[in-house]
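# Structural description and commentary
Listed below are the residues making up each chain.
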Amino acid sequence: MVMVMRAPAGRMVGRDEELGRLLTLLDDAGAGRAVAALVSGDAGVGKSRLVSEVTRLADGRGFTVLSGQCAELGDSVPYLPLADALRGAAQSTGVRDALSSRPALGRLLPEGGEGPTIDSDRSGLARQQMFGGVLGLLAELAAAAPVLLVLEDLHWADGSTRDLVTFLSRMLHRERVALIGTYRTDDLHRRHPLRPVVAELQRLPGVISVDLAPLGPSALAEHLMAVAAPVRIDAAELNDIVTRAEGNAYYAEELLAASLSGDLADHGTLPAGLAALLLSRVEQLSDTTQQVLRAAAVAGSRADDELVRAASGLQAAEYEGAVREAVTHQLLVPYGTEGYVFRHALLREAVYADLLPGERTRLHATMCSLLSDEQRLALPGTAAELAQHCLASHDIPGAFAASVRAGEEAEQLGAPAEAHRHYDQALALWERVAEPEKTAGLARGKLGLLSATNSADSGDIEHAVHLLRRLRHLLTTQAGQAAGGQDANLVSRIGERLAFYLMLMDDNKAIAEAVEVARATVDATPAEPPTWQHARAIATYAYALLAEDSYGAAREWAERGLTVARAAGAPWVQADALVTMGFLRNREGRNDEAIELLTAAHTQAREAKVLGVELRAAYHLARAHLERGDLSIGAAVAHEGTKRANQTGLNLAPYGLDVQHLHFQCHFADGTWDHAQEIADGFPIRVTSAPEAYLSSMALFIDVARGLPAVAERRAWIEPFWSVRGFDAFIARGLLAEDALWRGDTDQALAEAAIAIELSHEPPWGYYPSTIRPAAVALSARADRAVQARATGDDDTASAELAAAGELRQIAREGAAYAKRPKFILGPEGHGWLARAEAEYCRASGDNDPQAWQAVLDAFGPAYTYETARTQWRLAEALAQAGRRDEAAEQWRRAAHTADKLGARPLRRALDDLARRARIGAAQEHGDGEVLAALTSREREVLRLIAAGRSNREIASVLFIAPKTASVHVSNILGKLGAASRTEAAAIAYREGLTSQPSAR
Ligand SMILES: Nc1ncnc2c1ncn2[C@@H]1O[C@H](COP(=O)(O)OP(=O)(O)OP(=O)(O)O)[C@@H](O)[C@H]1O
Ligand SMILES: [Mg+2]
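Residues numbered from 1 in each chain as written. Chains lettered and ligands numbered in written order. Predicted model: local features only at pLDDT ≥ 70, side-chain atom pairs only at ≥ 80, totals over all residues. Heavy atoms only, no water.

## Looking at the overall build of the protein
- Tallying secondary structure elements over the protein gives 50 helices and nine strands in all.
- Taken along the three principal axes of its C-alpha coordinates, the protein extends 105 × 80 × 50 Å.
- With 1001 residues in all, the protein has 57% of them scored as buried.
- Put simply, of all contacts in the protein between residues at least 6 apart along the chain, 69% involve residues at least 24 apart.
- Summed over all atoms, the accessible surface of the protein reaches about 40,900 Å², with 52% contributed by carbon and sulfur.
- Separation of charge centres in the protein, based on 104 positive and 130 negative side chains, amounts to 3 Å. (Helix = DSSP H or I, 4+ residues; strand = E, 2+ residues; numbered from the N terminus. Buried < 20%, exposed > 50% of the residue type's maximum accessible area, 1.4 Å probe, protein only. Contact = heavy atoms within 4.5 Å. Areas by Shrake-Rupley, 256 points an atom, 1.4 Å probe, with all protein chains shown as cover. Lys, Arg positive; Asp, Glu negative; His and termini not counted. Charge placed at Lys NZ, Arg CZ, Asp CG, Glu CD.)

The following block contains the structure:
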């Protein structure tokens, strides 16, 4: 097998610091904090050498080591380095077992395996399942022993591998897994696709960068002397080499070899530059050996020995002699029992670059004929390689056929980006092939559809829409009739997908186009015999009508879709239509029926194994429960949905994302805040994508209510995404308004709330029910100001504030009326906030009526723990003002109890303030065990470490946070505990029994 070799294990010099950092990484991974490192540096500087040292040490520490390499020209083969890593480790029983229970991964191995059986329509999921499979595999292995996954030379990685690396770096948290990736800095030109990936990874908290600088002169000299031993190099020569090599270990070695070989005894003739030097070494060899090296260079880094022999055109004996010579000269080295690999990737690159154009074409052509063999083609990745060789040798029909095959293979592996690329390549060649349809076994329209759906699945919806629009246009023209092969079902699929993706684009113009396309598609699809395509076209049309708010029509079509799906025997379309119907019932205010339908849809989707629909059903079902105030059932459904999304790697996919935040919402609402906090802590703070920004915004609910320092950090990271998605900005700004209000900053509260209110206004309809909340928050700010003004006798200001409050109250009422959807039924939460808006208005008017606050309590109902406590605080105040002191004290006591239980510090502070002002209740006293109640779970962790005598820096490294963040935690803790020093805090921790507990995580 000819591959680029791994670095030999001589003594490693001059990399103590870098090695130290990577070993810390192993420590962290061993302790259950998943981490990743990116090792970068110029070609030949010593990345592989360093990593092989780490690998060796990890092995010694009992790590399961998986190590895979990318290959130059390998960027069209999906998951090549992963396949390499799995293949390398497949002898281990643990790895084999973990693989056997994950057939999607088995497909990467030469023996193959069952691919995921995913219909292209239910798609978007194959890749995510692949990712989920890898994640699951690593977690399973890590349960037995810590795991080190090395992916070398990522600058050559395929797009799917790049995505996988990002995915793993985000998703691995508490597993005992370390991930090390290497890449060449000098290869990373400005538009290199790895660049944005590296930038993104570097922003993640668990990722460190190890950039290898050139080796220092003394380290290099030491290395050269060791390599030359027992021969002694004279000092002048050594100096000369060290100077020329400029800290590049590989270059130095080659200079040394050239100089020692004596062929280039005269220093003056040593060629300048590494490539020239390497070639001068090759030129010393016999013709046959050079021939072998050239064939090997073209075969790429993954062709086997037999292939190279055949490509070289040499007889067995001659070939072996030539290989022996290459080995003696340290150009090839034996690799396992399978063959030989190039001494270094750079050598292969130099030989390849030196081929004459005709020679290169001929060798590629030879490779084509050798690879076009069914047995070889059955090996994963071969088709993609073949396509490359065909292109390089100008074999258009060959490249065409191989591209189609490579596309199918990539699709089955869950690598839609590569599949799209291959299909697109084939499309580009279509007209240059004699019988394309026969060769491909596909109509042109079908190929175009595949290219587009894979583009969408890889996340590029816009490109998919563009492709499908063109395809649809083409098919309606004369020439297109032939291209579609008169296949009406195919034409239907193209229209249906186009409409579907248009809806995902989430803007009104696209939705209008979606409705139009979907309608035309339904009309153009033959109704008899019933087909799933027809059912699907109808279901999508219904869905589009829904997006456009045409309920009556949507319902009619959803029902029709259901009937056709049943007749066509397509349970997954049935489930999909059921979800739409359930959602409709919900919109029509018939929530009982909605829940019934959605429950049925959920079950059916699960049985039909259509994950996308299952998650959509789970989301709508959980939401329907939540809206009705059935928090515990809602939580259970959302939790189950979250589990499914996690298991299958769909956490950040549409609906996978939404069930997570619903799960959080339910627990936030029902007052199980430690659990809610746990979920919210899993929502990333350093967000780099819109879906993550969405989750992070949701976490603000609890972070604001608990007054956590995370609020500011979250804000800074999500802000850039506010222009992308109005909804995120709406959620975040409404909560930031509450945060400002807790801090007494009414200016900021009003400014943030105004934006949130503006964002939930849609002309010509007016406000949404979601406006009620920010309007009530703004009202509260107005009331505070009016009360203040009145207290100082400033009646003008007071009446101006009251006028502004009146406008806000009007907005809240309009939102509740929801002109756009008159049948909408406001749930308890909406009623609660509406009542709060009314009560705040009373407070602003100077008539702080306890009755109004009692109405708020009644509207929310007792299930909304936090809202209840917040209302009791205001009710206590109103009662106190009315002179009903006993009742006030009672409400105060209840509110304080809940605030303490929840760790709602801002509310507790407000209550303390009220207690002092109104002389009711008692400002906070710390009873047994209650001292720690004010701490968040994170702060408790930090406190444990303080008690263990750790420094801020150590705490930071243990908890994977910045030292600055650690110091913020520490001062917050000292503040909350009223401790003057760390020692005092440690004493409190001990006294409260915290330090005798096992670590929470
Ligand atoms: N610190 C070191 N101590 C001893 N030898 C080293 C050291 N660094 C590199 N080498 C040697 O230099 C040569 C090139 O190093 P290596 O293959 O690790 O480079 P690389 O950065 O991985 O290059 P590429 O980008 O081409 O993969 C190898 O023979 C390696 O053993
Ligand atoms: Mg390397």
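Past the structure itself, the notes keep going.
## Here's the deal with helix H9 (residues 217-228)
- Helix length check: H9 (twelve residues) gives 16 Å between terminal C-alpha atoms against 16 Å at 1.5 Å per residue, within 8%.
- Looking at H9, one finds that the buried residues are Ala219, Leu220, Ala221, His223, Leu224 and Ala228.
- On the buried face of H9, the contacting elements are helix H10 (235-245) and helix H11 (249-260). (Expected span 1.5 Å × (residues − 1).)

## Things to note about the pairing of strand E3 (residues 147-152)
- Of all six residues in E3, six are buried; the element is thus mostly enclosed.
- Because side chains alternate across E3, one face comprises the buried residues Val147, Leu149 and Leu151, and the other comprises Leu148, Val150 and Glu152, equally buried.
- The sheet contact formed by E3 and strand E4 (residues 177-184) spans five bridges and is parallel. Looking at the pairing, leucine 148 lines up with alanine 178 of E4.
- Taking the sense of rotation as the criterion, the β-α-β connection linking E3, helix H7 (residues 159-171) and E4 turns out right-handed. (Pairing = 2+ DSSP bridges. Right-handed = clockwise from strand over helix to strand, strands pointing away.)

## Examining the site of ligand 1
- Neighbouring residues of ligand 1: 23 residues in total, closest Gly44, Lys47, Ser48, Arg49 and His344.
- A distance of 2.7 Å separates an oxygen atom of ligand 1 from a polar atom in the side chain of serine 48.
- Within the side chain of glutamate 253, an N or O atom sits 2.8 Å from an oxygen atom of ligand 1.
- By residue class, the composition of the shell around ligand 1 is nine nonpolar, five polar and nine charged. (Near = heavy atom within 4 Å. Polar contact = N/O pair within 3.5 Å; in protein donor to acceptor, adjacent residues only side chain to side chain. Nonpolar A, V, L, I, M, F, W, Y, C, P; charged D, E, K, R; others polar.)

## What to know about the sheet that holds strand E5 (residues 207-211)
- Here five strands make up an open sheet; going across it, the order is E2-E3-E4-E1-E5 and the pairing parallel. Strands at the two margins of the open sheet, each flanked by one partner only, are strand E2 (64-69) and E5. Strand-to-strand twist in this sheet, taken as the mean axis angle between neighbours without regard to direction, amounts to 15°.
- Bridge count for strand E1 (residues 35-41) against E5 is five bridges, and the pairing is parallel. Across the sheet, the residue bridging to serine 40 is aspartate 211, located in E5. (Axes fitted to C-alpha atoms, helices over the stretch in contact; angles between N-to-C directions.)

## Topic: the state of the cysteines
- Evaluation of the coordinates by the stated rule reveals zero disulfides.
- As a non-bridged cysteine, cysteine 368 has cysteine 390 as the owner of its nearest cysteine sulfur, 3.5 Å distant. (Disulfide = S-S within 2.5 Å.)

## Description of the environment of alanine 947
- Topologically, alanine 947 is positioned in helix H47 (residues 937-947).
- Residue alanine 947 is classed as partly exposed on the basis of its relative accessible area of 28%.
- The spatial distance from the C-alpha of alanine 947 to the C-alpha of arginine 96 is 44 Å, given a sequence separation of 851 residues.

## Focus on the packing of helix H13 (residues 287-299) against helix H16 (residues 345-353)
- Packing of H13 against H16 leaves a shortest axis separation of 9 Å and a crossing angle of 105°. With respect to H16, the element H13 is oriented roughly perpendicular. In this structure, H13 contributes Leu293, Arg294, Ala297 and Val298 to the contact, and H16 contributes Arg348, Val351 and Tyr352. (Parallel < 35°, antiparallel > 145°, perpendicular 65-115°, else oblique.)

## Remarks on the packing of aromatic side chains
- Per the counting criterion, the structure on display carries 16 aromatic pairs.
- Ring centres of phenylalanine 500 and tyrosine 501 lie 6.1 Å apart, and the angle between their planes is 70°; on these two criteria the pair is classed as edge-to-face. Each member of the pair, phenylalanine 500 together with tyrosine 501, is buried.
- Both rings, one in tryptophan 673 and one in tyrosine 866, keep their centres 4.8 Å apart while their planes meet at 55°; by these two values the pair is tilted. Linking tryptophan 673 in helix H35 (residues 673-681) with tyrosine 866 in helix H44 (residues 865-881), this pair joins segments that are 193 residues apart in sequence.
- The exposure class assigned to tryptophan 673 is buried, which follows from its relative accessible area of 2%.
- Accessibility expressed as a relative area gives 3% for tyrosine 866, which makes it buried. (Phe/Tyr/Trp six-rings, centres within 6.5 Å; stacked < 30°, edge-to-face > 60°.)

## With respect to the packing of helix H42 (residues 828-845) against helix H43 (residues 850-860)
- At a minimum axis distance of 8 Å, the contact between H42 and H43 shows a crossing angle of 170°. Considering the angle they form, H42 stands roughly antiparallel to H43. Taking contact as the criterion, the partners of Pro828, Glu829, His831, Gly832, Trp833, Ala835, Arg836, Ala839, Glu840, Cys842 and Arg843 in H42 are, on H43, Ala852, Trp853, Ala855, Val856, Ala859 and Phe860.
- Looking at the contact of H42 with H43 residue by residue, the classes come out as eleven nonpolar, two polar and four charged.

## Considerations on unusual backbone geometry
- With omega at 5°, the peptide bond leading from alanine 229 into proline 230 counts as cis.
- Relative to the assigned elements, proline 230 resides in the loop between H9 and H10.
- Between glutamate 528 and proline 529 the backbone carries a cis peptide bond, its omega angle lying at -10°.
- The phi angle at glutamate 246 is positive, at roughly 45°, despite the residue not being glycine.
- Counting through the fold element by element, glutamate 246 comes out in the loop between H10 and H11.
- The backbone of lysine 609 sits at a positive phi, close to 55°, despite the residue not being glycine.

## Notes on the environment of arginine 874
- Position of arginine 874 among the secondary structure elements: in helix H44.
- In this structure arginine 874 touches Ser780, Asp784, Glu840, Arg843 and Trp853, once residues within four positions along its chain are discounted.

## Here's the deal with the environment of isoleucine 920
- Relative to the helices and strands, isoleucine 920 is located in the loop between helix H46 (905-918) and H47.
- You can call isoleucine 920 buried: its relative accessible area is 3%.
- In this structure the C-alpha to C-alpha distance between isoleucine 920 and arginine 938, which are 18 residues apart in sequence, comes to 33 Å.
- For isoleucine 920, the contacting residues outside a window of four places in its chain are Ala876, Arg885, Ala888, Ala889, Trp892, Leu914 and Ala915.

## Observations regarding the pattern of salt bridges
- Applying the stated criterion across every chain yields a total of 64 salt bridges.
- Arginine 184 is the partner of glutamate 349 in a salt bridge, and the nearest nitrogen-oxygen pair spans 3.0 Å. Residue glutamate 349 is located in helix H16, and its partner arginine 184 is located in strand E4; the two are separated by 165 residues in the primary sequence.
- Arginine 184 gets classed as buried once you look at its relative accessible area, which sits at 4%.
- A salt bridge links glutamate 719 to arginine 715; the shortest N-O distance between them is 3.3 Å. (Salt bridge = Lys/Arg side-chain N within 4 Å of Asp/Glu carboxyl O.)

## Focus on the side chain of asparagine 248
- Inspection of the secondary structure assignment puts asparagine 248 in the loop between H10 and H11.
- Engagement of the side chain of asparagine 248 in a polar contact is seen with the backbone oxygen of alanine 43, the distance being 2.7 Å.
- Ignoring anything within four residues of it in the chain, the contact list for asparagine 248 reads Ala43, Gly44, Val45 and Leu220.

## Topic: the nonpolar core
- Judged by nonpolar contacts, the single largest core of 166 residues is most densely connected at Phe664, Phe668, Tyr866 and Leu907.
- When residues no more than four places from it in sequence are discounted, the contact partners of tyrosine 866 are Phe668, Trp673, Ala705, Trp742, Leu902, Ala904 and Leu907. (Core = buried A, V, L, I, M, F, W, Y, C linked by side-chain atoms within 4.5 Å.)

## Section: helix H2 (residues 47-60)
- With 14 residues, H2 extends 20 Å from end C-alpha to end C-alpha; this agrees with the ideal 20 Å at 1.5 Å per step.
- Restricting attention to buried positions, one finds in H2 the residues Lys47, Arg49, Leu50, Val51, Glu53, Val54, Thr55 and Ala58.
- Note on H2: the residue one or two positions beyond its end, glycine 62, has a positive phi of about 85°.

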